[in-house]
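# What the coordinates show
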There are 2 protein chains.
Amino acid sequence: MDERTALAELADRLPDAGDDCAVVDGQVVTTDMLHERTDFPDGTSRYTAGWRAVGASLSDVAAMGADATAAVAAYGAPSFDPDELGAFVDGARDVCESVGGEYVGGDLDNHDEFTVATTALGTASDPILRSGASPGEAVCVTGTLGRSALALALFDRGDTEGANALFRFQPRVRAGVALRSHASAMMDSSDGLARSLHQLAEASDCGFAVEEPLPIDERVGAVAESDEERLELGAFFGEDFELVCTMPEAAVSAAREATPCPLHRIGTVTERGVTLDGEALPDRGYSH
Amino acid sequence: MDERTALAELADRLPDAGDDCAVVDGQVVTTDMLHERTDFPDGTSRYTAGWRAVGASLSDVAAMGADATAAVAAYGAPSFDPDELGAFVDGARDVCESVGGEYVGGDLDNHDEFTVATTALGTASDPILRSGASPGEAVCVTGTLGRSALALALFDRGDTEGANALFRFQPRVRAGVALRSHASAMMDSSDGLARSLHQLAEASDCGFAVEEPLPIDERVGAVAESDEERLELGAFFGEDFELVCTMPEAAVSAAREATPCPLHRIGTVTERGVTLDGEALPDRGYSH
């Protein structure tokens, strides 16, 4: 049974789960587990690992339109090299500080494979859920897509420095806060744009008609060998940690002005079906 | 480098860490990673694993004298059997409900070894730290000691049901809340009574003179082959998740009355040194 099916099976037991964060008394909380073999390619520095692991949880806080307050991490490794551990903590602390939150420590655990579990907390009196989109609205995405796919290509080519820099994405917490007075539904694109649109469509009982050009990072074109591969890396690969959101068409201009990063209108909310340039957009992407 | 040395190395980077929980804006937060080989012996049911993993974090919340609000868990396993996963979630939910908190879900991750990372949250306007003990006060412990050591002996003997029942300890959240108007310092005994006393002594710059009899579970006598082994299992083995706290002698009687579980006075706070019946009590115990 894969993770999506297992999560669906748990829905009865956990009625409040299923969004980017759980909401408890005006507070949002989210947790993620990452491990070396699938999440940290050869060449990932421990500073980058700390930044990225904590950043992944902060991205879920951002997706609720919440202010980030704090994060913790449990760090499992075969040994505790002080330089590696210190670098990890520096990365974790710096990514928290970049969004106005505080990294407050965690746990150490002897573990065969380098494994990190992070938890982030935030506050939002009126969090943005995945379920609020309505037909006729616009659908938008922050920043650019395909950077994690690009980073993996750079790791493969031995450009470790460039790859690490791309891997240290900026969690969109400030953008999420700016969007909360405009957005009707929101989530992060950690599973890829295509799958995120399908998840939003299911939660909001709607569809999406998306049109190219998508805001795919221009450097992705340099590593992709065809337009198809460019789309694969930009829309399906995932792990971009951008925000995908919906809002009334009339709100797009003000939202774009308020958001401290690019905000691209990529299409409209429809009654049903998810399409790209009129063709069905498959529901596939990154499975964590 | 072991976990304790590594944590000491991190002290400069994380000045707010080092207690059972971190404190952020009147909220307490703690995280723990547990894994199959060291934390869940053969025979541990997934219901017990969910209870115990989330319970370990709730015990840290208890140690701050905080009310428990919520917990999350990241669940890593080679496959997601719906019965196992459901049982885990039931255990996690039930232990939260037993202390008035809410289990709000988490993350699933494909992982070779069954690994769980839990985070618990609580609120306390004036949390009890490890650093408040003063010479002349009494030192007390809740409940009984040695139950996890006893559980391991039962797992070894094939009494899986008895062992699982002992493994599902009651996190002392309600006791911690009752103690917060009395206790000057508090922590949980997850590393064993001996090591906990040394940690309290270091944080409070004091010592302890402890006297037998210690409140060691009477069933421990049945599996221990000598008085020495009984003390080993009761005071050093750890993983008991009881509260160790200090308070003025005059407060002990009222604290005992307010606490919804047994509270045993085991000795007094001194200027320095940790002793049991006048002999030095070694600083050793469970290393997580």
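Residues numbered from 1 in each chain as written. Chains lettered and ligands numbered in written order. Predicted model: local features only at pLDDT ≥ 70, side-chain atom pairs only at ≥ 80, totals over all residues. Heavy atoms only, no water.

Looking up chain A in an unreviewed UniProt entry gives the name Thiamine-monophosphate kinase, with the organism given as Haloarcula salina. In its Sequence similarities (unreviewed entry) section, the UniProt record describing chain A reads: "Belongs to the thiamine-monophosphate kinase family." Taken from UniProt, the Pathway (unreviewed entry) comment for chain A reads in full: "Cofactor biosynthesis; thiamine diphosphate biosynthesis; thiamine diphosphate from thiamine phosphate: step 1/1." (UniProt positions renumbered as here; feature names shortened; annotations may be inferred.)

## A word on the overall build of chain A
Along chain A, the regular secondary structure elements total eleven helices and twelve strands. For chain A, the C-alpha radius of gyration of 18 Å lies close to 19 Å, the compact-globule estimate for 288 residues. Projecting the C-alpha coordinates of chain A onto the three principal axes gives extents of approximately 55 × 50 × 40 Å. When the 288 residues of chain A are sorted by exposure, 60% land in the buried category. For chain A, contacts bridging at least 24 residues in sequence account for 85% of all contacts bridging at least 6. When the accessible surface of chain A is totalled, it reaches about 10900 Å², and 45% of it is carbon and sulfur. (Helix = DSSP H or I, 4+ residues; strand = E, 2+ residues; numbered from the N terminus. Rg over C-alpha atoms; globule rule 2.2 N^0.38 Å. Buried < 20%, exposed > 50% of the residue type's maximum accessible area, 1.4 Å probe, protein only. Contact = heavy atoms within 4.5 Å. Areas by Shrake-Rupley, 256 points an atom, 1.4 Å probe, with all protein chains shown as cover.)

## Brief notes about the relation of the copies chain B and chain A
Overlaying chain B with chain A gives an RMSD of 0.0 Å, the required rotation being 180° about an axis along which the chain moves by 0.0 Å. Read as a symmetry element, the transformation amounts to a two-fold axis. When C-alpha positions in chain B are compared against the rotation axis, the closest is assigned to Ala 117 of chain B, at 3.0 Å. Taken as a fraction of all interface residues of chain B, those also at the interface in chain A reach 100%, which identifies the copy contact as same-surface. (Least-squares fit on C-alpha atoms with pLDDT ≥ 70 in both.)

## Quick word on the UniProt feature "binding site: Mg(2+) 1" (unreviewed entry) in chain A
Look at the UniProt record and you will see "binding site: Mg(2+) 1" (unreviewed entry) annotated at Thr 31, Asp 32 and Asp 107 of chain A. Positionally, Thr 31 of chain A belongs in strand E2 (residues 27-35). Residue position: Asp 107 of chain A is located in strand E4 (residues 102-110). In this view, Asp 107 of chain A contacts Ala 73, Ala 74 and Tyr 75 of chain A together with Thr 31, Asp 32 and Met 33 of chain B; residues no more than four positions away in its chain are not counted.

## A few points about the packing of helix H5 (residues 147-157) of chain A against helix H6 (residues 160-167) of chain A
Residue and element names in this part refer to chain A. At their nearest, the axes of H5 and H6 sit 8 Å apart, and the two run at 160° to each other. Here H5 lies roughly antiparallel to H6, going by the angle between them. Here the hand of the crossing between H5 and H6 comes out left-handed. Judged by residue contacts, Arg 147, Ser 148, Leu 150, Ala 151, Leu 152, Leu 154 and Phe 155 of H5 engage Thr 160, Gly 162, Ala 163, Asn 164, Leu 166 and Phe 167 from H6. (Axes fitted to C-alpha atoms, helices over the stretch in contact; angles between N-to-C directions. Parallel < 35°, antiparallel > 145°, perpendicular 65-115°, else oblique. Left-handed = near helix turned anticlockwise from the far one by under 90°.)

## Topic: the interface of chain B and chain A
Residue-level contacts link 51 residues of chain B with 51 residues of chain A. Of the roughly 4300 Å² buried between chain B and chain A, counting both surfaces, carbon and sulfur atoms make up 64%. On the chain B side of the contact with chain A, Arg 13, Thr 31 and Met 33 of chain B bury the most area, a combined 15% of that side's loss. Where chain B touches chain A, the interface holds two salt bridges. For Arg 37 of chain A, the salt bridge identified is with Asp 112 of chain B, shortest N-O distance 3.3 Å. (Buried area = accessible area lost by both parts, 1.4 Å probe. Salt bridge = Lys/Arg side-chain N within 4 Å of Asp/Glu carboxyl O.)

## Side note on helix H8 (residues 193-204) of chain B
Residues and elements named next belong to chain B. Helix length check: H8, at twelve residues, gives a terminal C-alpha distance of 16 Å against a target of 16 Å (1.5 Å per residue), a fit within 8%. With ten of its twelve residues buried, H8 lies for the most part within the structure. Along H8, the positions that sit buried rather than exposed are Leu 193, Ala 194, Arg 195, Ser 196, Leu 197, His 198, Gln 199, Leu 200, Ala 201 and Ser 204. Where H8 terminates, the next one or two residues include Asp 205, which has phi positive at roughly 55°. (Expected span 1.5 Å × (residues − 1).)

## Brief notes about a negative patch on the surface
On the surface, Glu 211, Glu 212, Asp 227, Glu 228, Asp 277 and Glu 279 of chain A cluster together to form a negatively charged patch. Looking at the secondary structure, you find Asp 227 of chain A in helix H10 (residues 227-236). (Patch = residues over 30% accessible without salt bridge, like charges linked within 9 Å, V, L, I, M, F, W, Y side chains within 5 Å. Lys, Arg positive; Asp, Glu negative; His and termini not counted. Charge placed at Lys NZ, Arg CZ, Asp CG, Glu CD.)

## Points about empty space enclosed by the protein
All names here are of chain A. Enumeration according to the criterion identifies one cavity of 30 Å³ or more in this entry. The computed volume of the largest cavity comes to approximately 40 Å³. Residue lining of the largest cavity: Leu 34, Asp 39, Arg 52, Ala 56, Glu 239 and Phe 241, and that is the complete set. Looking at side-chain class alone, the lining of the largest cavity contains three nonpolar, no polar and three charged residues. (1 Å grid on protein atoms, 1.4 Å probe; cavity = no way out; pocket = protein on both sides within 12 Å on 5 of 7 lines; lining within 4 Å. Points joined across faces, edges and corners; volume = space filled by probe spheres on them. Nonpolar A, V, L, I, M, F, W, Y, C, P; charged D, E, K, R; others polar.)

## Structural notes on the sheet that holds strand E11 (residues 274-276) of chain A
Residues and elements named next belong to chain A. Spatially, the seven strands line up as an open sheet ordered E7-E9-E6-E10-E8-E11-E12, and their pairing is mixed. The open sheet has two edge strands with one neighbour each: strand E7 (185-188) and strand E12 (279-280). In this structure, E11 lies alongside E12, joined through two bridges in antiparallel fashion. Residue Thr 275 lies in a different strand from E12, and its bridge partner there is Ala 280. This element, helix H3 (residues 46-63), spans E7 and strand E9 (243-247) of the sheet and lies at about 175° to E7. (Pairing = 2+ DSSP bridges.)

## Points about the UniProt feature "binding site: Mg(2+) 2" (unreviewed entry) in chain A
With numbering aligned to this structure, UniProt lists the feature "binding site: Mg(2+) 2" (unreviewed entry) at Asp 32 and Asp 60 of chain A. Sequence-wise these annotated residues cover 29 residues; spatially they are packed, their C-alpha atoms never more than 9.7 Å apart. Mapped onto the fold, Asp 32 of chain A is located in strand E2. Beyond its immediate stretch of four places on either side in the chain, Asp 32 of chain A contacts Ala 56, Ser 57, Asp 60, Val 116, Ala 117 and Thr 118 of chain A together with Ala 74 and Asp 107 of chain B. Among the polar contacts made by the side chain of Asp 32 of chain A, one reaches the side chain of Ser 57 of chain A at a distance of 2.7 Å. With respect to the element layout, Asp 60 of chain A can be found in helix H3. The contact partners of Asp 60 of chain A, leaving out residues within four places of it in the chain, are Asp 20, Cys 21, Thr 30, Asp 32 and Asp 188 of chain A. (Polar contact = N/O pair within 3.5 Å; in protein donor to acceptor, adjacent residues only side chain to side chain.)

## Remarks on the domain arrangement of chain A
All names here are of chain A. Split into domains, chain A comes out as domain 1 (3-123) and domain 2 (138-280). Our count for the contact surface shared by domain 1 and domain 2 stands at two salt bridges. A salt bridge links Arg 52 to Glu 239; the nearest nitrogen and oxygen atoms lie 3.2 Å apart. One can count 14 residue pairs in polar contact (both at pLDDT 80 or more) joining domain 1 with domain 2. Broken down by secondary-structure element, the contributors of at least two residues to the side of domain 1 that touches domain 2 are H3, strand E3 (67-77) and helix H4 (82-97). Looking at which element gives the most residues to the side of domain 1 that touches domain 2, the answer is H3, with eleven residues. Tallied by class, residues from the side of domain 1 that touches domain 2 come to twelve nonpolar, ten polar and nine charged. (Domains from an automatic or database assignment.)

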